[in-house]
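Examining the three-dimensional arrangement
Chain residues, written in single-letter form:
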Amino acid sequence: MVREDGKRNFALREDSGEESVFSGNTPRQAALKAARRLDPAPSEDDADRTEIRLREKGTDKVHIYDGWAWNETAPDDKPDWMPEEITEANVSKKGIEHLED
């Protein structure tokens with residue numbers, strides 16, 4: 001379901017049953033936001049891939065990604081409020097599932 005500002009809402013259900021909602025213009029944008037919450041590794045090569053399943057609100061679609069996060073030194077031209085070490089993330093799409101009624 002598309003909001004007035006063009007963004008769509010995607011729900012990430014945790015193993016505990018708790019649900020977090022991420023919004024974005026595309027499913028990938030929401031998946032990147034979700035991936036940044038993963039436990040970051042020291043480098044991208046050391047990062048473990050974790051499956052991220054985002055249910056698009058208002059539809060029967062579940063977007064499935066592999067996501068990983070790592071710590072990286074902030075760029076030299078960073079704003080004053082940004083810490084010296086930041087979390088980067090990446091995702092790779094695995095597919096889409098459709099929920100059964």
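Just above sits the structure.
First things first, this report covers the structure right here in the doc. What you see is a predicted model; the values in this text were computed from it and never measured.

Side note on the pattern of salt bridges
Side chains that differ in charge, positive against negative, can pair when their charged atoms come close. Counting across every chain of the model gives 8 salt bridges. For Glu19, the salt bridge identified is with Lys57, shortest N-O distance 3.9 Å. Here Glu19 is found in strand E2 (residues 19–24), whereas its partner Lys57 is found in the loop between strand E3 (50–56) and strand E4 (61–73), with 38 residues between them in sequence. The exposure class of Glu19 is partly exposed, given its relative accessible area of 31%. Relative accessible area serves as the criterion here: at 28%, Lys57 is assigned to the partly exposed category. Put simply, Lys94 and Glu51 hold a salt bridge, and the shortest N to O gap is 2.8 Å.

Criteria and thresholds
Residues numbered from 1 in each chain as written. Predicted model: local features only at pLDDT ≥ 70, side-chain atom pairs only at ≥ 80, totals over all residues. Heavy atoms only, no water. Salt bridge = Lys/Arg side-chain N within 4 Å of Asp/Glu carboxyl O. Helix = DSSP H or I, 4+ residues; strand = E, 2+ residues; numbered from the N terminus. Buried < 20%, exposed > 50% of the residue type's maximum accessible area, 1.4 Å probe, protein only.

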